[in-house]
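# Remarks on the overall topology
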Amino acid sequence: MSNNGKREAKVTVNGLTKKFGELLVLNDISFKVYEGELLCIVGPTGCGKTTFLNLLSRLIPPTKGNILIDGKDADPKKHNLSFVFQEPSCMPWRTVKENIAYGMEIKKLPQADLDQRLNKIMELVGLTESANLYPNQISSSMEQRVAIARAFAVNPDLLLMDEPYGQLDVKLRYYLEDELVRIWQELKSTVLFVTHNIEEAVYVAERILILTNKPTTVKSEVVVDLPRPRDFRDPKFVEIRKQVTELIKWW
Amino acid sequence: MSDIQSAGSKRILKILPYLSLLSVLAIWELVVDTGLVPNTLLATPIQVIELFIYKLSHADPDGSVLLVHVLTSIGEALTGYTLALLIGIPLGLLMGWFVVAEGLARPIFEMIRPIPPVAWIPLAIFWFGVGLTGKAFIIWASGIVPCVINSFVGVRMTNPVYIRMARTYGASDWEIFKNICVPSALPMVFGGLQVALAASWTALVAAELIAADTGLGFLITMGRRLLMPDMIVLGMLMVGLTGVFIGIVIDRVEKRLVAGVRR
């Protein structure tokens, strides 16, 4: 897994810079995400993670630099981008099933393919029995699983996750982190997972990028080549967690 | 609310409303019967009920049986109201999302909005006469305002997370409007329907008071001309009852239409 030199770069970010007026928020960020990789990005609070993700998902334009997917400029209309937000993002007027199908509907998938993928992904996240419930009839952790299923369902070129488990309690988070790793292994999507939880990053990531304080840039990279399933008490796990913590320290 | 009340207070709540209504009717009857208020100024409840029964089958003295008045009023109200919905809701929704729609329609809307609908009555009589069209126009002018405002605000209140989510999937502006903004605005739109109904019904009675030959507002006017206080009160009560009836029907329709939108 750690042979990154041999892997194809799926997403290439070159010199990404964002200024709001005179305020430099992101400064010359460059990195690659490999095909099928689960890359975590951690950084101190307020380091501009949201701006960074909004640039990657093309919600706002960069001041300088570019984002290439398979060598071409990233474009939500051409590429399959997915975003899992920290806030609940299930539409209350659609059932679980209709929420999961939404991304695929926008991508205009033929109905037969859509149904097939829908059933597969619902099976994978264990939502088949809740298919016809409305979001206000399910728990908030289930809502987040719906959002994750919706994101994976479009076979994303790049799946962006913005602290998706930030608002959930610890026990549920462990469970959903395992689930995320399982879905990712099954579907081999390229995932960029942003979090401020170092333990979470070490638990799910193949590689961790550490960001600096504002103006934000990439400080360093840590490869996590631990076997799965990972164990929080494994001395190697603890060692990597300490290493990342040291790198993230800004005090 | 109900589960924090004791069983005893629930029983009281079942009885008290009837008690309160009955006492109002009794006092009303008494003040007229005892001569405290002269019968020429106020009819007793019993007289009103007698007239109600009489008017069910007799056209005189005002020219039409009660049902004709009720149906005329409902017909005018529903014509104007339906037109207000058909034009106001799409307009408000589009204004909420598309800059061009807002830029073009908003100044005109803001200019007309502060004019009370009854102020249109003289012009409406010039243009359309005292028939259905004129009154439908006045009702339309009063019903369209809440329709536009509620639809507009409903779209504006759409949770931005849904819009961002749709954008990252590459949804077009029209797709976001159709799939996200409109369903999200629906509860607000339906709230607007009730407000618009109240506004329409008020305008209807005002319009009929001034120019009409049938309708509940006309019945009230005739009561005044014929010096029949019982007919005035009957007209007033029928306006209230019919309004409640239409309100209930619209509430039912709304519940059926938004059965999916449980939140």
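Remember, it's a predicted structure, so these values are computed and weren't measured experimentally.

## Digging into the overall build of chain B
A count of helical and extended segments in chain B gives 10 helices and zero strands. Along the chain direction, N to C, the helices and strands of chain B fall in the order α-α-α-α-α-α-α-α-α-α. In terms of overall dimensions, chain B is more spread out than a globule: its C-alpha atoms have a radius of gyration of 23 Å, far above the 18 Å expected for 263 residues. If you line up chain B on its principal axes, its C-alpha atoms span 75 × 60 × 30 Å. When burial is assessed residue by residue, chain B has 44% of its 263 residues classed as buried. Sequence separation of at least 24 residues holds for 69% of the intrachain contacts in chain B that already meet a minimum separation of 6. A total accessible area of about 14,100 Å² is found for chain B, and carbon and sulfur atoms account for 74% of it. Charged side chains of chain B number 18 positive and 16 negative; the gap between the two group centres comes to 13 Å.

## Here we look at the overall build of chain A
A tally of regular secondary structure across chain A gives seven helices and 10 strands. The C-alpha radius of gyration of chain A comes to 18 Å, within 12% of the 18 Å expected for a compact globule of 251 residues. A principal-axis box enclosing the C-alpha atoms of chain A has dimensions of 50 × 45 × 35 Å. By residue count, 56% of the 251 residues in chain A fall in the buried class. Positive and negative side-chain charges in chain A, numbering 34 and 33 respectively, have mean positions lying 3 Å apart.

## Examining the sheet that holds strand β1 (residues 9-20) of chain A
Residues and elements named next belong to chain A. The four strands are arranged β2-β1-β4-β5 in an open sheet whose pairing can be described as antiparallel. With one partner strand each, in any of the chains shown, β2 (23-34) and β5 (72-73) form the two edges of the open sheet. Sheet topology note: the β1/strand β4 (residues 64-69) ladder contains five bridges and is antiparallel. If you follow N14 over to β4, its bridge partner there is N66.

## Some points on the sheet that holds strand β3 (residues 38-42) of chain A
Residue and element names in this part refer to chain A. One open sheet holds the six strands; their spatial order is β6-β7-β8-β3-β9-β10, and the pairing between them is mixed. With partners counted over all chains shown, the strands left at the sheet margins are β6 (81-84) and β10 (218-223), one partner each. Neighbour to neighbour, the strand axes of the sheet diverge by 20° on average, direction disregarded. Pairing analysis gives four bridges linking β6 to strand β7 (residues 158-162), with the strands arranged parallel. Looking at β7, one finds that V84 is bridged to M161.

## Here we look at the pattern of salt bridges
Evaluation of the coordinates by the stated rule reveals 22 salt bridges over all chains. Across the pair A:R58 and A:D73 runs a salt bridge whose closest N-O atoms are separated by 3.9 Å. Residue A:R58 is found in the loop between α1 (49-56) and β4, and its partner A:D73 is found in strand β5; the two are separated by 15 residues along the sequence. For B:R106, the salt bridge goes to B:E102, with nearest N and O atoms at 3.0 Å. Of the two residues, B:R106 and B:E102 both sit in helix α4 (residues 99-112), four residues apart, roughly one turn of that helix. You can call B:R106 partly exposed: its relative accessible area is 31%. Each of B:E102, B:R106, B:E110, B:R113 and B:R156 takes part in a single network of salt bridges with overlapping partners.

## Thoughts on the domain arrangement of chain B
Residues and elements named next belong to chain B. You can read the domains of chain B as domain 1 (1-42) and domain 2 (43-257). Here the C-alpha centre of domain 2 lies 31 Å away from the C-alpha centre of domain 1. Listed per partner, the contact involves nine residues of domain 1 and eight residues of domain 2. A buried area of about 660 Å², summed over both sides, lies between domain 1 and domain 2, and 64% of it is on carbon and sulfur atoms. Area buried by domain 1 at its contact with domain 2 is led by W28, E29 and N39, which between them contribute 65% of it. At the junction of domain 1 and domain 2, the tally comes to zero salt bridges. In terms of residue class, the side of domain 1 that touches domain 2 is built from five nonpolar, two polar and two charged.

## Points about the confidence of the model for chain A
Residues shown with low pLDDT carry predicted positions that ought not to be read at fine detail. Per-residue pLDDT for chain A averages 88, and the proportion of residues at 70 or more is 97%. Mean pLDDT values for the elements of chain A range from 86 in α1(A) up to 94 in helix α2 (residues 96-106) of chain A.

## Notes on empty space enclosed by the protein
All names here are of chain B. For the structure on display, the rule yields one cavity of 30 Å³ or more. Roughly 50 Å³ of volume is contained in the largest cavity. Contributing to the lining of the largest cavity are I121, I125, G129, V130, G131, G134, K135, I138, A207 and A211. Sorting the residues of the lining of the largest cavity by element identifies α5 (121-128) and α6 (132-156) as the ones contributing at least two each.

## Concerning the interface of chain B and chain A
On the side of chain A, 27 residues touch chain B, which itself brings 20 residues to the contact. The contact between chain B and chain A buries some 2,200 Å² in all, and 60% of this surface belongs to carbon and sulfur atoms. The interface formed by chain B and chain A includes one salt bridge. The shortest N-O distance in the salt bridge between A:K108 and B:E175 comes to 2.7 Å. Taken together, the connections running from chain B to chain A amount to six residue pairs in polar contact (both at pLDDT 80 or more). Ranked by the residues each element gives to the side of chain B that touches chain A, the list is headed by helix α7 (residues 160-168) of chain B, at seven residues.

## Looking at the packing of aromatic side chains
Geometry of an aromatic ring pair is reported as the spacing of the ring centres plus the angle between the planes. Inspection of the entire model under this criterion finds 15 aromatic pairs over all chains. A ring pair is formed by A:F232 and A:F237, whose centres lie 5.4 Å apart and whose planes are at 75°; its orientation type is edge-to-face. Both rings, one in B:W127 and one in B:F137, keep their centres 5.9 Å apart while their planes meet at 70°; by these two values the pair is edge-to-face. Residue B:W127 is located in helix α5, and its partner B:F137 is located in helix α6; the two are separated by 10 residues in the primary sequence.

## Examining the pairing of strand β9 (residues 207-211) of chain A
The side chains of a regular strand alternate, residue by residue, between the two faces of the sheet. Residues and elements named next belong to chain A. Counting buried positions over the five residues of β9 gives five, a clear majority of the element. Side chains R207, L209 and L211 project from β9 onto one buried face, and the interleaved I208 and I210 project onto a second face that is buried too. The loop that links β9 with its antiparallel partner β10 comprises six residues.

What counts and how
- Residues numbered from 1 in each chain as written.
- Chains lettered and ligands numbered in written order.
- Predicted model: local features only at pLDDT ≥ 70, side-chain atom pairs only at ≥ 80, totals over all residues.
- Heavy atoms only, no water.
- Helix = DSSP H or I, 4+ residues; strand = E, 2+ residues; numbered from the N terminus.
- Rg over C-alpha atoms; globule rule 2.2 N^0.38 Å.
- Buried < 20%, exposed > 50% of the residue type's maximum accessible area, 1.4 Å probe, protein only.
- Contact = heavy atoms within 4.5 Å.
- Areas by Shrake-Rupley, 256 points an atom, 1.4 Å probe, with all protein chains shown as cover.
- Lys, Arg positive; Asp, Glu negative; His and termini not counted.
- Charge placed at Lys NZ, Arg CZ, Asp CG, Glu CD.
- Pairing = 2+ DSSP bridges.
- Axes fitted to C-alpha atoms, helices over the stretch in contact; angles between N-to-C directions.
- Salt bridge = Lys/Arg side-chain N within 4 Å of Asp/Glu carboxyl O.
- Domains from an automatic or database assignment.
- Buried area = accessible area lost by both parts, 1.4 Å probe.
- Nonpolar A, V, L, I, M, F, W, Y, C, P; charged D, E, K, R; others polar.
- pLDDT = per-residue confidence, 0-100.
- 1 Å grid on protein atoms, 1.4 Å probe; cavity = no way out; pocket = protein on both sides within 12 Å on 5 of 7 lines; lining within 4 Å.
- Points joined across faces, edges and corners; volume = space filled by probe spheres on them.
- Polar contact = N/O pair within 3.5 Å; in protein donor to acceptor, adjacent residues only side chain to side chain.
- Phe/Tyr/Trp six-rings, centres within 6.5 Å; stacked < 30°, edge-to-face > 60°.

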